[in-house]
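These are the residues of each chain, in order.
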Amino acid sequence: MDQQATSKRTTVIALALICTLFVALSAYGITWGLPDRSVDRVLFGEGEPWSGEKIYRLANAAEKFDKTRGADVDANPLDKSQGDNGPHAPILITGSKEDIAKIYLRYRLYTYQPDEMITMMALAGMSPGAFDFDPRLYQYGGLFIYPVGALIKVCDLLGVIDVRSDVTFYLDHPGEFGKFYVVARAYAAAWGVLGIFTVFAIARRIAGSMAQPPGTSDGTGDGTGAGLLAALLFTLMPVVVCMTHEGKPHLPGAVLMLAAVLFAMRRVESRLHYDWLLMCGCCGAALGMVLSSWPIFALIPLVAWLSRGSVVEGSSSLWRTAIQAAAGLGIAGATYFITNPYVVINAIFHPGILQSNLGNSLGMYQIDRVGQGLLRVLELTIEGVTLPVLVLGVIAVVGAWRWCRMSAMPLGIAAGIFFIQFVSIGADKPGEYGRFGIFPNTAFVIAASCLLMRVFRQRRAAGWVAIVAVTAWMGFAGYGYLHNFRADAVNGGSRRAFHQQVIQQANAAEESTTAPWLGKKTHVGLIAEPAPYSCPPLPFDTTPVYLFANREAAIAAQQREPTRWTLLWTTDQAQPTPQRPMIATATDPQPVTPFRSGPITPVTPISWANKPIERHEASTPVAPK
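For every chain, the first residue of the written sequence is number 1, and numbering continues from 1 along that sequence. Only residues with pLDDT of 70 or above have their local features reported here, since the model is predicted, and side-chain atom pairs are shown and tallied only from 80 upward, although totals for entire chains, interfaces and linings are computed over all residues. Only hydrogens and water are set aside when side-chain values are computed; all heavy atoms of the structure are taken into account.

1. Some points on the overall build of the protein chain
- Numbering goes from the N terminus for both helices and strands, where a helix is a DSSP run of H or I of at least four residues and a strand is a run of E of at least two. Scanning the protein chain for helices and strands turns up 23 helices and seven strands.
- Residue exposure (1.4 Å probe, protein chains only): buried if accessible area is under 20% of the type maximum, exposed if over 50%, otherwise partly exposed. Counting only residues that meet the buried cut, the protein chain has 55% of its 625 residues in that class.
- Between two residues, a contact is recorded if the distance between any of their heavy atoms is within 4.5 Å. Long-range contacts, defined here as pairs at least 24 residues apart, represent 76% of the contacts in the protein chain between residues at least 6 apart.
- Counting only carbon and sulfur atoms, one obtains 63% of the accessible surface of the protein chain, whose full area is about 26100 Å². Only the protein chains shown count as cover for residues, and the accessible areas themselves come from Shrake-Rupley with a 1.4 Å probe.

2. Observations concerning the nonpolar core
- What makes a nonpolar core is a set of buried Ala, Val, Leu, Ile, Met, Phe, Trp, Tyr and Cys residues whose side-chain atoms join them at distances within 4.5 Å. By size, the foremost hydrophobic cluster in this structure holds 161 residues, and its most contacted members are Ile-296, Leu-299, Phe-439 and Phe-540.
- Looking at this core element by element, the count peaks at 16 residues for helix H8 (residues 174-209).
- Contacts of Leu-299, omitting those with residues within four sequence positions, involve Ala-260, Val-261, Ala-264, Met-279, Cys-283, Pro-410 and Ala-414.

3. What about the sheet that holds strand E3 (residues 91-92)?
- The five strands lie next to each other as E3-E5-E4-E6-E7, forming an open sheet whose pairing is mixed. Looking at the sheet topology across the chains shown, the edges are occupied by E3 and strand E7 (613-616).
- In this description, a line fitted to the C-alpha atoms serves as the axis of each element, helices being fitted only across the stretch in contact, and the angle between N-to-C directions of two axes falls anywhere from 0 to 180 degrees. With respect to the sheet, helix H23 (residues 551-560) is in contact with strand E6 (565-570) and E7, its orientation differing from that of E6 by roughly 160 degrees. By definition, two strands form a pair when at least two bridges between them are found by DSSP.

4. Digging into H23
- Every buried residue of H23 is accounted for by Arg-551, Ala-554, Ile-555, Ala-557 and Gln-558. On an axial view of H23, the arc spanned by its buried residues comes to 155 degrees, and they lie on one face.
- Check the buried side of H23 and you find it contacts E6 and E7.
- At the N-terminal end of H23, a side-chain oxygen is found 3.3 Å from the backbone nitrogen of Glu-552, two or three residues along, and the residue is Asn-550. Note: the arc covers the axis-to-C-beta directions of the helix. Polar contact is the term for a pair of N or O atoms within 3.5 Å; when the atoms are in protein, one must be able to donate a hydrogen and the other to accept it, and sequence-neighboring residues count only if both atoms are side-chain atoms.

5. Remarks on the environment of Ser-51
- Among the secondary structure elements, Ser-51 is positioned in the loop between helix H2 (40-43) and helix H3 (52-58).
- Taking relative accessible area as the criterion, Ser-51 reaches 33% and is therefore assigned partly exposed.
- Within the structure, Ser-51 has its side chain in polar contact with the backbone nitrogen of Lys-54 (distance 3.2 Å).

6. Side note on unusual backbone geometry
- Positive phi, close to 45 degrees, is recorded for Arg-369, a residue that is not glycine.
- Counting through the fold element by element, Arg-369 comes out in the loop between helix H16 (351-362) and helix H17 (370-385).
- We classify Arg-369 as partly exposed; its relative accessible area is 38%.
- One non-glycine residue with positive phi stands out, namely Asp-428, at about 65 degrees.
- Residue placement: Asp-428 occurs in the loop between helix H19 (405-424) and helix H20 (438-458).

7. Quick notes on the packing of H8 against H20
- Where H8 meets H20, the axes come as close as 10 Å, and the angle between the chain directions of the two elements is 45 degrees. Our classification of the angle between H8 and H20 gives oblique. Note that H8 runs across H20; the crossing there is right-handed. Residues Val-199, Ile-202, Ala-203, Ile-206 and Ala-207 of H8 touch H20, and the partners they reach there are Thr-442, Ile-446, Cys-450 and Arg-457.
- Looking at the contact of H8 with H20 residue by residue, the classes come out as seven nonpolar, one polar and one charged. Angles below 35 degrees are treated as roughly parallel, those above 145 as roughly antiparallel, those between 65 and 115 as roughly perpendicular, and all remaining angles as oblique. For any pair of crossing helices, the crossing counts as left-handed if the nearer helix is rotated counterclockwise from the farther one by less than a right angle, and right-handed if it is rotated clockwise. Each residue gets one label: Ala, Val, Leu, Ile, Met, Phe, Trp, Tyr, Cys and Pro are nonpolar, Asp, Glu, Lys and Arg are charged, and the others, such as Gly, are polar.

8. Details of the side chain of Asp-40
- Along the chain, Asp-40 turns up in helix H2.
- You can call Asp-40 buried: its relative accessible area is 8%.
- Beyond its immediate stretch of four places on either side in the chain, Asp-40 contacts Gly-45, Pro-49 and Arg-108.

9. Quick look at the pairing of E6
- In terms of burial, E6 is a largely internal element, six of the six residues being buried.
- The two faces of E6 match: Trp-565, Leu-567 and Trp-569 on one face and Thr-566, Leu-568 and Thr-570 on the other face are all buried.
- Here strand E4 (residues 523-526) pairs with E6 via three bridges, running parallel. Looking at the pairing, His-523 lines up with Trp-565 of E6.
- By the bridge criterion, four bridges tie E6 to E7 in an arrangement that is antiparallel.

10. Here we look at the pattern of salt bridges
- Salt bridges are defined by distance alone: a side-chain nitrogen of Lys or Arg within 4 Å of a carboxyl oxygen of Asp or Glu. Counted under the stated rule, the structure contains 19 salt bridges.
- For the salt bridge of Glu-116 with Arg-185, the shortest nitrogen-to-oxygen distance reads 2.8 Å. Residue Glu-116 is found in helix H5 (residues 116-124), and its partner Arg-185 is found in helix H8; the two are separated by 69 residues along the sequence. We note that Glu-116, like Arg-185, is buried.
- Note that Asp-368 and Arg-369 form a salt bridge whose closest N and O atoms lie 3.1 Å from each other.
- Asp-368 sits in the partly exposed class, given a relative accessible area of 40%.
- Ionic contacts of the salt-bridge type, sharing partners, join the residues Asp-115, Lys-248, Glu-432 and Arg-435 into one network.

11. Notes on H8
- For H8, built from 36 residues, the straight-helix expectation of 52 Å at 1.5 Å per residue is met to within 8% by its first-to-last C-alpha distance of 54 Å.
- Its maximal kink placed at Leu-194, H8 deviates by approximately 25 degrees. For a helix, the expected span equals 1.5 Å multiplied by the residue count minus one. Values of bend correspond, residue by residue, to the angle between axes fitted over the seven residues ending at that residue and the seven starting there.

12. Comments concerning a nonpolar patch on the surface
- A surface patch of nonpolar side chains, amounting to about 470 Å² of accessible area, comprises Phe-337, Val-344, Ile-345, Ile-348 and Phe-349.
- Among the elements that take part in the nonpolar patch, helix H15 (residues 341-349) stands out by supplying four residues, more than any other.
- For Phe-337, the position within the fold is in helix H14 (residues 318-339). Each patch is built from salt-bridge-free residues with over 30% relative accessible area, joining like charges within 9 Å and nonpolar side chains (Val, Leu, Ile, Met, Phe, Trp, Tyr) within 5 Å.

13. Things to note about the packing of helix H12 (residues 273-289) against helix H13 (residues 299-306)
- The contact between H12 and H13 brings their axes to 10 Å, and the two run at 165 degrees. Considering the angle they form, H12 stands roughly antiparallel to H13. With respect to the hand of their crossing, H12 and H13 are arranged in right-handed fashion. Where H12 approaches H13, its residues Trp-276, Met-279, Cys-280 and Cys-283 are matched on the opposing element by Leu-299, Ile-300, Val-303 and Ala-304.

14. A few points about the state of the cysteines
- Cysteine sulfur atoms are paired as a disulfide whenever they fall within 2.5 Å. Under the criterion given, the structure shown has zero disulfides.
- Of all cysteine sulfurs in the structure, the one in Cys-283 sits closest to Cys-280, which takes part in no disulfide; the separation is 6.3 Å.
- When its relative accessible area of 0% is taken as the criterion, Cys-280 is described as buried.

Spelled out as structure tokens, the structure:
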């Protein structure tokens, strides 16, 4: 009895230490990439910075809160395929004060992460006084948007944040608006603590059900060791480290899916109706957190089949199984609609709003070129969970069919279906798409942990070496993301490095407010509208800036007129490749330089922190992609 109590106490202490580590890692660099006024030195040079009222008025910012369309849908989107001088010609985006004001608004209110702002736009578009809580944003669910809004209000009541309905105040005080993003990031990260306990419980159950080698009496046969290892690897996993620093619902959604898996496992083993209800509720809540969680609904008919006969003793009929599955889907659906009531309301009364928002999202994610999608997803899975864990996880999945088929089935099938969705729309996706892999990546972590502890029970020395090596590899990969978040949090990232160089060039130039390569004779070409995440700050009011349809069109234009164009954009990579031979390292003073915060800075494509910036200067021909 004493040994059991000691073991339980040790487990509790270990989980507490893992949670403490998780909180510390989540807080480290959480203020990265927030808006502030320090960029005014570049945006306005020696001139007087524009007031918030002027920016709001000229940018016609009020149109952003048009209640007839989705919160993330631009009122007047630019068609990059129709340029100023014909199809695919570049579009001048600094041709008027109104155009420039729209750019300044982004640098005052947006972060370095391009999607964080849509949550704030959804909240800003509500009218609580008129009982209008429609977010007009449905790919992010009510379980994310409403709690973030509530937490911001609580911070206001506590005097931590100054909450006002006056947008011009935040345009004049962007640092105050930046606190909203910290609240959203903290809320997303807090779900990771629940994720630690859920991962621990799942791994312990699966490992405990595996066939034990004869003669083992080391106290690890109950799966506790595998559970603790899985919880630690989950904490260090690069994609988890990344998503604890972004105000987005993908980590909370993944945790709710894992909770559904845990209750599914318990339901299959115990046949308790309580676990069935919790599983169905978690499935609906996961969808209510983020729409991409829909594959978890497959658990409901699966578990109804695996636990058939538990509703009416002795019954195993297909008919009763179908009724139970339908009831479970109803519970999950009700949970979703309770947390997202405006989906139903707008489907009946305002279908145009739903079509506007969801159509915008569906346009970005379409099933196409599955083979290329698989290759891209494998790259992002290695990035998100590391190569050793992926390999060990695959081996464990194969072995699970013999070792622990029934206990691992809910996790394996749910993660497999989600992985198929991940692959189906993965072709040509940028690095940030890796955020969708949190759930299947965690499944690989759990599988790898169970396999490692099985090896440890059979061969202790080899097991210790393998566990330490895998953990160290995971920790180093996660550190890369922390490093880049911290770099941006202390204003030492790529965008600020570029910012400082523009100032230095401006000070050294004959015209004190314009860098030599940012004059009227040199045009800047971009491939995305200027915003803090896609373009470092520039003196937009004195420099002609054009928007190209894509990278290839921009490079072709510079090849035709090499003395006219300077090209700028962020990139996922910072090393030369056969396709991009002109990209230099951070310390090599080549004409094309991806700016980073240091010479040994890791590349972290899932994150937007410390993103490398490609610069193709005028007078320098660029090799085609």
